[in-house]
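One letter stands for each residue in the lines below.
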Amino acid sequence: MELALFTLNLFDVVSVVLTFLVIFLVQILNVYLHILDDNADNGKSIDVVDRAPAKECPLLESQSPSSPIATTPPKSQTTGNGKLEKQISLLDSDSHEDEDTLSLENLFPCDQTEIYASKKISFIIDELIQTEVNYVNNLKKGMLNYGQLKDVEDLPEALNGETKQKMLLGNIAEILELHEKEILPLMLRNQRDLKGLFDEFAAHFEKNSFYCYVSFTMGKKSSMQLRQDNRLWLQTYQTQIKDKLGIDSFLVQPIQRLTRYPLLLQQFISEFYKSGISCKPVLTAVCKLETRMRRALDVVNQAEEIPNIEELNELDLLQLGNFRRATEFDAQHFPTRKKYRSKVFLFDRCLVCTEVRKKRLAYRQHYNWEHVELQRPLDSVSSNANKIINLLVKQEEGGSSVGSKREEFSFTAAEASVVKQWLQATHKIIEIARNEHARRNTFSLPMDLVLGVVLAIWLIWQYL
């Protein structure tokens with residue numbers, strides 16, 4: 001009897017040991033695959049040369065708190081078609097980047113009492129919060145009026161269905177959710193802590209939470225066309241629900257709101273200096289936030305041109321990942337010896353080259369990031385060397401690497417700073433592509449599966 005009991009326990013021990021041994025070996029294999037993948041990435045032709053280090057906002061060193069800025073906040077407005085005009089910031093500079101300063105002065109809180117003592121600054125903060133409340137309320141009212149058109153009896157066929165509703169309103173429900181659940185609450189809980197308000201706000205730009213505005217802008221053209229085709233019915237419906245502003249005013253509010261943010265921050269910074277306030281942590285935080293907002297505005301503006309790309313054939317831009325940047329170059333395609341004005345669109349998964357034809361964009365080529373190498377002719381004696389980017393592409397033919405070939409582009413920018421910013425953006429995109437590629441090629445066991453197996457073995461052992 002004791003011998004049988006000893007045999008049963010030995011079986012249980014062996015089962016448990018083997019299970020944990022297999023899990024351990026799988027994790028070792030996972031680490032090994034990570035190492036191989038990193039080595040493969042280093043040997044691939046994905047590279048960006050000449051990445052300049054980022055610098056902090058120069059105003060933090062060059063301006064003393066007691067010296068006011070002589071420049072008045074620049075104006076930025078929304079044009080009639082809803083397009084954002086370029087923001088010209090008080091902080092604009094080639095060396096103005098978004099890195100945080102690490103000085104001890106920024107690691108400890110400062111007395112913000114003198115900030116709130118300024119009536120003008122208090123008014124700007126109150127306006128920022130109050131207009132956010134109004135924005136959320138207006139979006140909720142607009143969704144109440146136009147978010148459930150499918151329930152309207154005489155709805156025309158052209159507006160009927162989930163697809164048409166999505167085309168009409170875009171992702172404005174996602175924008176409302178972001179501001180109602182995230183942005184407005186952070187403003188309300190940080191009314192007396194401006195550094196916390198600015199830091200939390202900037203964190204949402206770092207997490208790309210405001211990409212919903214890019215998606216909204218990319219769908220604006222189809223929404224405008226759908227509204228134009230059904231203008232008569234929409235005007236009748238507007239009268240029935242007694243909506244004084246209409247659907248056009250409702251759908252332009254996201255663009256107007258995104259434009260308003262940096263203007264308020266620029267007014268805040270200007271008054272900050274004029275008031276002689278010495279609270280560098282708050283100034284650093286607002287400087288960082290303003291920079292991120294302007295960059296988000298640039299991307300939103302550039303995204304408006306994506307629906308205008310023609311001759312895409314089978315390429316689906318919605319499958320290319322997030323859109324990051326569009327830049328105009330003088331392009332030369334060496335295999336065809338063709339020169340043309342090109343606009344290059346950067347997505348998370350690939351680079352898309354288009355030819356500029358007046359107000360039209362014609363698709364030419366696209367390249368996945370794992371096949372791309374970017375170089376600058378730094379050894380060239382030409383004065384335009386710092387304005388040139390060479391694009392080397394290696395692609396497979398017919399699914400086989402035997403007949404591979406190399407294509408080469410040369411992009412020339414109007415200014416060297418354009419190349420610098422473009423390369424910095426490209427470096428970040430390539431890092432994202434590398435990480436996604438590494439995750440796809442990783443074999444690992446999820447922790448819930450591991451715990452489930454352990455629990456199952458324990459239950460079997462208890463049962464036996």
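About the criteria used
- Residues numbered from 1 in each chain as written.
- Predicted model: local features only at pLDDT ≥ 70, side-chain atom pairs only at ≥ 80, totals over all residues.
- Heavy atoms only, no water.
- Patch = residues over 30% accessible without salt bridge, like charges linked within 9 Å, V, L, I, M, F, W, Y side chains within 5 Å.
- Areas by Shrake-Rupley, 256 points an atom, 1.4 Å probe, with all protein chains shown as cover.
- Salt bridge = Lys/Arg side-chain N within 4 Å of Asp/Glu carboxyl O.
- Helix = DSSP H or I, 4+ residues; strand = E, 2+ residues; numbered from the N terminus.
- Pairing = 2+ DSSP bridges.
- 1 Å grid on protein atoms, 1.4 Å probe; cavity = no way out; pocket = protein on both sides within 12 Å on 5 of 7 lines; lining within 4 Å.
- Points joined across faces, edges and corners; volume = space filled by probe spheres on them.
- Nonpolar A, V, L, I, M, F, W, Y, C, P; charged D, E, K, R; others polar.
- Buried < 20%, exposed > 50% of the residue type's maximum accessible area, 1.4 Å probe, protein only.
- Arc of directions from axis to C-beta.
- Contact = heavy atoms within 4.5 Å.
- Axes fitted to C-alpha atoms, helices over the stretch in contact; angles between N-to-C directions.
- Parallel < 35°, antiparallel > 145°, perpendicular 65-115°, else oblique.
- Left-handed = near helix turned anticlockwise from the far one by under 90°.
- Phe/Tyr/Trp six-rings, centres within 6.5 Å; stacked < 30°, edge-to-face > 60°.
- Lys NZ or Arg CZ within 6 Å of the ring centre and 35° of its normal.

For the protein, an unreviewed UniProt entry supplies the name Kalirin isoform X2 and the organism Drosophila mauritiana.

A. Highlighting a nonpolar patch on the surface. Together, Leu-18, Leu-21, Phe-24, Leu-25 and Ile-28 make up an exposed nonpolar region whose accessible area comes to about 490 Å². By the element assignment, Phe-24 lies in helix α1 (residues 2–43).

B. Local environment of unusual backbone geometry. The backbone phi angle of Lys-242 is positive, close to 60°, even though this residue is not glycine. Topologically, Lys-242 is positioned in the loop between α11 (231–240) and α12 (247–274). Of note in this structure, Glu-311 is not a glycine but carries a positive phi near 60°. Structurally, Glu-311 is set in the loop between β2 (309–310) and β3 (323–333).

C. Representation of the pairing of β3 within the structure. Sheet topology note: the β3/strand β4 (residues 338–347) ladder contains 10 bridges and is antiparallel. When the bridges of β4 are listed, Phe-329 appears paired with Ser-342. Between β3 and β4, which pair antiparallel one after the other, the connecting turn spans 4 residues, and Arg-337 there sits at a positive phi close to 55°.

D. Seen up close, empty space enclosed by the protein. Scanning the model with the defined rule gives 2 cavities of 30 Å³ or more in all. Volume-wise, the largest cavity comes out at about 50 Å³. Lining the largest cavity are Met-167, Leu-168, Leu-169, Gly-170, Phe-216, Gly-219, Lys-220, Ser-223, Arg-227 and Leu-251. Contributing elements (two or more residues each) for the lining of the largest cavity: α6 (162–169) and α10 (220–229). For the lining of the largest cavity, a count of residues per class yields 5 nonpolar, 3 polar and 2 charged.

E. Seen up close, α11. Within α11 the residues assigned to the buried category are Trp-233, Leu-234 and Tyr-237. Angularly, the buried residues of α11 cover 95° about the axis, an arc narrow enough to put them on a single face. With respect to the buried face of α11, the exposed residues turned more than 90 degrees away are Leu-232 and Thr-239. Taken together, the buried residues of α11 touch α5 (119–146), α10 and α12.

F. Local environment of the packing of helix α7 (residues 172–189) against helix α8 (residues 194–206). Between α7 and α8, whose axes approach to 8 Å, the crossing angle comes to 160°. With respect to α8, the element α7 is oriented roughly antiparallel. Our pair here, α7 against α8, has a crossing hand that is right-handed. For the pair α7 and α8, contact is made by Leu-178, Glu-182, Ile-183, Leu-186, Met-187 and Arg-189 and by Leu-197, Glu-200, Phe-201 and His-204, respectively. A breakdown of the residues in the contact of α7 with α8 according to their chemical character gives 6 nonpolar, 1 polar and 3 charged.

G. Region of the structure containing the packing of aromatic side chains. The final tally for this structure, using the stated rule, is 17 aromatic pairs. Seen from their ring centres, Tyr-146 and Tyr-237 are 5.8 Å apart, and the 65° between their planes marks the pair as edge-to-face. Of this pair, Tyr-146 sits in helix α5 while Tyr-237 is found in helix α11, placing the two residues 91 residues apart along the sequence. For the residue pair Tyr-146 and Tyr-237, the accessibility class agrees, reading buried in each case. Between Tyr-146 and Phe-250 the ring centres are 6.2 Å apart and the planes differ by 15°, which places this aromatic pair in the stacked class. Of the two residues, Tyr-146 is situated in helix α5 and Phe-250 in helix α12; the sequence distance between them amounts to 104 residues. By the burial criterion, Tyr-146 is buried, and Phe-250 matches it. Members of the aromatic cluster, each reached through a chain of ring pairs, are Phe-201, Phe-205, Phe-210, Tyr-213 and Tyr-261. It is Arg-192 that lies over the ring of Tyr-116; its NZ or CZ is 3.8 Å from the centre.

H. Quick peek at α6. Three or more residues of α6 are buried, namely Gln-165, Leu-168 and Leu-169. Buried positions in α6, seen along its axis, are confined to an arc of 80° and lie on one side of it. Residues of α6 that are buried in the fold lie against α5, α7, α9 (211–218), α10 and α12. Directly beyond the C-terminal end of α6, a positive phi value near 65° is found at Gly-170.

I. Up close: the pattern of salt bridges. Applying the stated criterion across every chain yields a total of 23 salt bridges. Between Glu-305 and Lys-343 there is a salt bridge, and its shortest N-O distance comes to 2.9 Å. Separated by 38 residues along the polypeptide, Glu-305 in the loop between α13 (280–303) and β2 and Lys-343 in strand β4 bring together distant segments of the chain. Owing to a relative accessible area of 24%, Glu-305 belongs among the partly exposed residues under this scheme.

J. Geometry of the side chain of Glu-127. Note that Glu-127 resides in helix α5. Judged by its relative accessible area of 19%, Glu-127 falls in the buried class.

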